[in-house]
Amino acid sequence: MIRYMGTRQNDDGAIVYVFIINGLQKEIRENALKQYPGCYELLPAATKQKIAANRNWLSKL
C-alpha cells in the first residue's frame, strides 16, 4: 500500500515527497521517484507539472 502525504524541505534544502509505503514513512527525492513503482502516479497534477518544468529546465543546461 502506498499513500502520498505531501512535500517538505529536508535539512539540505531539497524538496522531498513524503509517502507511506507498507506502513513506513519514506522521504523520496525527485530523482529517486522511479525507484519506487507507483509513487509518481499518486502525485497531484500540480506536483507533476512542477517536476516536468524542473526536468525541462535541466534539459536546457
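Residues numbered from 1 in each chain as written. Predicted model: local features only at pLDDT ≥ 70, side-chain atom pairs only at ≥ 80, totals over all residues. Heavy atoms only, no water.

1. Some words on the overall build of the protein chain
As a reminder of what qualifies: Each helix is a run of DSSP H or I of at least 4 residues and each strand a run of E of at least 2, with the numbering of both proceeding from the N terminus. In what follows, a contact means two residues having at least one pair of non-hydrogen atoms within 4.5 Å. Note on areas: Shrake-Rupley with a 1.4 Å probe; residue coverage comes only from the protein chains shown. Positive residues here are Lys and Arg, negative ones are Asp and Glu, while His and the chain termini are left out of the count. A single reference atom marks each charge: NZ on Lys, CZ on Arg, CG on Asp, CD on Glu.
A count of helices and strands for the protein chain gives 2 helices and 3 strands. The linear arrangement of helices and strands in the protein chain, starting from the amino end, is β-β-β-α-α. Taking all contacts inside the protein chain whose residues are at least 6 apart in sequence as the whole, residues at least 24 apart take part in 19%. Looking at the protein chain as shown, the accessible area adds up to about 4,600 Å², and 51% of this sits on carbon and sulfur atoms. Between the centroid of the 9 positive side chains of the protein chain and the centroid of its 5 negative side chains there is a distance of 7 Å.

2. Here's the deal with the pairing of strand 3 (residues 24-29)
What counts is decided by this rule: Following DSSP output, two strands are said to pair if at least two bridges run between them.
Here strand 2 (residues 15-21) pairs with strand 3 via 6 bridges, running antiparallel. Looking across to strand 3, one finds that valine 16 is bridged to arginine 29. Counting the residues in the hairpin turn of strand 2 and strand 3 gives 2 residues, including asparagine 22, whose phi is positive at 50°.

3. Some remarks on the pairing of strand 2
Along any regular strand the residues' side chains alternate between the sheet's two faces. What counts, and what does not: Burial classification: accessible surface area is computed with a 1.4 Å probe over protein chains only, and a residue below 20% of its type maximum counts as buried, one above 50% as exposed, and the rest as partly exposed.
For strand 2, the tally of buried residues reaches 5 of 7 residues, placing the bulk of the element in the interior. Between strand 1 (residues 2-9) and strand 2, which follow one another and run antiparallel, lie 5 residues, and glycine 13 among them has a positive phi close to 90°.

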